[in-house]
Amino acid sequence: MTTFHETWAEWLEANRAMWDERVPIHAASEYYDQDAFRKGKDEIRDFEAAEVGDVTGKRLLHLQCHMGQDTLSWARRGAAKVVGLDFSEAAIEVARGLAAEVGIGPDRAEFVVSDVYEAASAVPDPDYDIVYTGIGALDWLPDVRRWAEVAASLVAPGGFLYLSEFHPVTHVLGWGEDRTIEYDYFDASPQVTDEPGTYTDFKAETVNNLSFERLHTLGDIVSAIAAAGLRVEFLHEFDMTMFQRYAGLERGEDGCYRAPKGQPRLPLMFSLKASRAA
Ligand SMILES: C[S@@+](CC[C@H](N)C(=O)[O-])C[C@H]1O[C@@H](n2cnc3c(N)ncnc32)[C@H](O)[C@@H]1O
């Protein structure tokens, strides 16, 4: 049987090369709209802001922070200190550059290059009031139990983990309007992709295209967090998502995508808050 470390070595090399190559494409994209970010655009979604609550004076760790726009948005919202972690050096360089450009100094925003599984030894502090992650993060990890142990270990007493993610149920659907079930919800084997392009530009000409992902069921995610010793405060499911996940979804004035009125709905995103006793 293949060990976690053997699986992970293969995933890590391929996935990191894939993400590194996509960073400059993302940084120049309309999707991430860094000019708007420089001018003050807040990247935090309304439901996240409402559910996380006031971050004034808090220390927040963002796991898998990509180019740091969400991380820095939490700083703009008043967090005393934010730390962003990502295994892509290219992404972290962009994040550090953005922080400097928007005037958030290293005393308030630190960015570290690290595999999320090694986060505990990479981040500057032993724990944080808020550990935040999601929006396309968990699927890149082969083992959700190990992830939950790392994330939970970084939550300070009285603090919490907040996760906002695409709902795993959406991963079973095809991309057409008929919403047919094309993938197995319970298939835990690696999803291997080897195609050029990226979600900000499907036509981008890229060479590092091999990547590995896997679907973690909602049950596995929640159970992993509970097993890691945190108390689940809530699990919310949403009928909206951040992109055109299948052809029939309609974009609302808030920029979110939903099924047309009257059509039966599926959960498209979820959020979870899990806390550590004070
Ligand atoms: C889709 S992005 C999600 C980030 C953020 N929510 C956003 O939309 O900008 C996924 C991020 O996970 C990072 N990543 C993937 N696997 C990782 C790992 N094992 N350790 C640390 N970062 C990882 C990638 O480099 C990428 O920046």
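Keep in mind it's a predicted model, so treat the numbers as computed, not measured.

Peer 1: How should I be thinking about a nonpolar patch on the surface in this particular structure?
Peer 2: Residues Y31, Y199 and F202 make up a contiguous nonpolar surface patch of roughly 360 Å² in combined accessible area. Relative to the helices and strands, F202 resides in the loop between β6 (191-194) and β7 (210-213). Among the residues examined, F202 registers a relative accessible area of 67% and is labelled exposed.

Peer 1: Teacher, can you tell me more about the sheet that holds strand β8 (residues 231-238) here?
Peer 2: Pairing between sheet strands relies on hydrogen bonds along the backbone, with the strands arranged either parallel or antiparallel. Judged by pairing direction, the sheet is mixed, and its seven strands sit side by side in the order β3-β2-β1-β4-β5-β12-β8 without closing on themselves. Looking at the sheet topology across the chains shown, the edges are occupied by β3 (109-113) and β8. When strand polarity is set aside, the average angle formed by the axes of neighbouring strands in this sheet is 15°. Pairing analysis gives three bridges linking strand β1 (residues 59-63) to strand β4 (residues 128-134), with the strands arranged parallel. Along β4, the bridge assignment pairs L61 with V131.

Peer 1: What is the right way to read the site of the ligand from this model?
Peer 2: Lining the immediate environment of the ligand, one finds 17 residues, of which H66, D86, F87, D115 and V116 sit closest. F87 has a polar backbone atom sitting 3.2 Å from a nitrogen atom of the ligand. Its residues placed into classes, the shell around the ligand shows nine nonpolar, six polar and two charged.

Peer 1: Any chance you could explain the environment of R38 here in plain terms?
Peer 2: By secondary structure assignment, the location of R38 is in helix α2 (residues 34-38). A relative accessible area of 34% means that R38 is categorised as partly exposed. Residues R38 and P196, spaced 158 residues apart in sequence, show a C-alpha to C-alpha distance of 29 Å. Excluding its chain neighbours within four sequence positions, the residues that come into contact with R38 are R76, L98, E101 and V102. Of the polar contacts made by the side chain of R38, one reaches the side chain of D35; its length is 2.9 Å.

Parameters and conventions
Here, residues in each chain are numbered from 1, in the same order as that chain's written sequence. Since the coordinates come from a predicted model, pLDDT governs what is reported: local features require at least 70, and pairs of side-chain atoms require 80 or more to be given and counted, while whole-chain, interface and lining totals use all residues. Computation of side-chain values covers all heavy atoms of the structure but excludes hydrogens and water. Within the patch definition used here, like charges are joined within 9 Å and nonpolar side chains (Val, Leu, Ile, Met, Phe, Trp, Tyr) within 5 Å, considering only residues with over 30% relative accessible area and no salt bridge. To measure how exposed things are, a 1.4 Å probe is used in the Shrake-Rupley method; for residues, cover is taken only from the protein chains shown. When a carboxyl oxygen of Asp or Glu is within 4 Å of a side-chain nitrogen of Lys or Arg, the pair counts as a salt bridge. Helix numbering and strand numbering both begin at the N terminus, where a helix is a DSSP run of H or I of at least 4 residues and a strand a DSSP run of E of at least 2. A 1.4 Å probe rolled over the protein chains alone gives each residue an accessible area, and that area as a share of the maximum for its type sets the label: buried under 20%, exposed over 50%, partly exposed in between. Two strands pair if DSSP finds at least two bridges between them. For helices, the fitted line uses only the C-alpha atoms of the stretch in contact; every axis is such a line through C-alpha atoms, and the angle between N-to-C directions lies from 0 to 180 degrees. Being near a molecule or strand, for a residue, means having at least one of its heavy atoms within 4 Å of it. Here a polar contact is taken to be a pair of N or O atoms separated by no more than 3.5 Å, where protein atoms must pair a possible hydrogen donor with a possible acceptor and residues adjacent in sequence count only if both atoms sit in side chains. Basically, the charged four are Asp, Glu, Lys and Arg, the nonpolar ten are Ala, Val, Leu, Ile, Met, Phe, Trp, Tyr, Cys and Pro, and anything else, Gly included, counts as polar. Any two residues whose heavy atoms approach within 4.5 Å at even a single point are treated as in contact.

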